[in-house]
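Single-letter residue listing:
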Amino acid sequence: MLGRVKLFDTHCHINDQKLAADLPNVLDRAEKAGLCGMAVIGCDWRSSLFAVHLAEKYPQLVAVVGFHPSDSHGLTEEIFADLAELAALPQVKAVGEIGLDYYWDETPRDVQRKWFVEQIRLAKRLKKPIVIHDREAHGDLYNIVREEKAGEFGGVMHCFSGSWELAKEALRQNFYISVAGPVTYKNSRQLPEVVKNCPLDRLLIETDSPYLTPEPYRGKTNEPANVFFVAEKIAQIRGMSVEEIAEITTANAKRFYGI
Ligand code: NI
């Protein structure tokens, strides 16, 4: 059954020790599940550098580098200059994950906003898209996105968690909507509506592994192979086959990352 699907996990953290410790097996299971590509996302300096190394080693991987809002207190002008050099490398296809996180609030909000803006401007200088993390910060985040014209070279709202109204605003700002494991959860209310209404050519799928494991494996460590269950749920919501959803979202992922 899985032989015919071709999936692309647009957001995973196999550079996280939880997955990196078992990487050959993680990649093997991904291949068996039909994955033809994965984007490895950085959230600080070390994980960004590691993402680049992995993309150099494995042809099915692309790297995304940046500082997650919760880690952005670790940024200095000096580290930012190093990040800019890293982001310019050809195997780096986007800047991320960047954004605002008002749920954990691990970095003062003004510091989060400053480095979010700086990283948007960096991506625009490099003409690369951005991968956005937005947790309970919709108001400030969309204001910055509009003011900075952050979607000029493309962008994605990763692990989208808002209403269809908010999704429409993201689409207007030239963003893709990326759907992760929570779409498979029983209490998921807004996400099915977003999935039902989102234009198919703007929809991406991801695992955000090792986090947010989809059903039926919720509670276990997540890994890229499980992106299949996200595609399956989307197919069910849209009344399409999982092969069709896989084909469409993989084409979208390749267009988004310019590969
Ligand atoms: Ni992530």
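Let us look at the structure shown here. (Residues numbered from 1 in each chain as written. Predicted model: local features only at pLDDT ≥ 70, side-chain atom pairs only at ≥ 80, totals over all residues. Heavy atoms only, no water.)

1. Describing the sheet that holds strand β5 (residues 130–135)
- Taking strand neighbours across the sheet as the criterion, the eight strands line up as β1-β2-β3-β4-β5-β6-β7-β8 in an open arrangement whose pairing is parallel. Two strands in the sheet have a free side with no partner beyond their single neighbour: β1 (7–12) and β8 (203–205). Strand-to-strand twist of the sheet, defined as the mean angle between neighbouring strand axes without regard to direction, takes the value 25°.
- As paired elements, strand β2 (residues 35–41) and strand β3 (residues 61–65) share four bridges and run parallel to each other. Each residue of the ladder has a partner; that of A39, found in β3, is V62.
- Sitting on the sheet, helix α3 (residues 45–57) is in contact with β2, β3 and β4 (92–101), with an inclination near 160° to β3.
- Against the sheet, helix α10 (residues 242–257) contacts β1, β2, β3, β4, β5, β6 (155–157), β7 (175–179) and β8, and its axis sits at roughly 50° relative to β1. (Pairing = 2+ DSSP bridges. Helix = DSSP H or I, 4+ residues; strand = E, 2+ residues; numbered from the N terminus. Axes fitted to C-alpha atoms, helices over the stretch in contact; angles between N-to-C directions. Contact = heavy atoms within 4.5 Å.)

2. Some remarks on the coordination of the nickel ion
- In the first shell of the nickel ion, the protein supplies H11 (NE2), H13 (NE2), E97 (OE) and D208 (OD), at 2.1 to 2.3 Å from the metal.
- Seen from the nickel ion, its four donor atoms lie at angles of 86 to 177°, and the figure they make is irregular.
- Within one chain, the residues donating to the nickel ion are spaced in sequence as H-x1-H-x83-E-x110-D. Of this pair, H11 sits in strand β1 while D208 sits in the loop between β8 and α9 (227–238), and the two are 197 residues apart along the sequence. Each of the two residues, H11 as well as D208, counts as buried. (Donors = N, O, S within 2.8 Å, 3.2 Å for Na, K, Ca; no water. Tetrahedral: all angles 85-135°; square planar, octahedral: opposite > 155°, others 65-115°. Buried < 20%, exposed > 50% of the residue type's maximum accessible area, 1.4 Å probe, protein only.)

3. Description of the packing of aromatic side chains
- One pass over the full model with this rule turns up seven aromatic pairs.
- With a centroid separation of 6.2 Å and 25° between ring planes, the pair formed by F8 and Y257 is classed as stacked. Residue F8 is located in strand β1, and its partner Y257 is located in helix α10; the two are separated by 249 residues in the primary sequence.
- Here F8 falls in the buried class, since its relative accessible area comes to 2%.
- Taking 5.0 Å as the distance between ring centres and 85° as the angle between the ring planes, the aromatic pair formed by Y103 and W104 counts as edge-to-face.
- Through pairs of rings, three or more aromatic residues link up here, namely F8, Y176, F256 and Y257. (Phe/Tyr/Trp six-rings, centres within 6.5 Å; stacked < 30°, edge-to-face > 60°.)

By themselves, these observations are geometric and do not establish any function.
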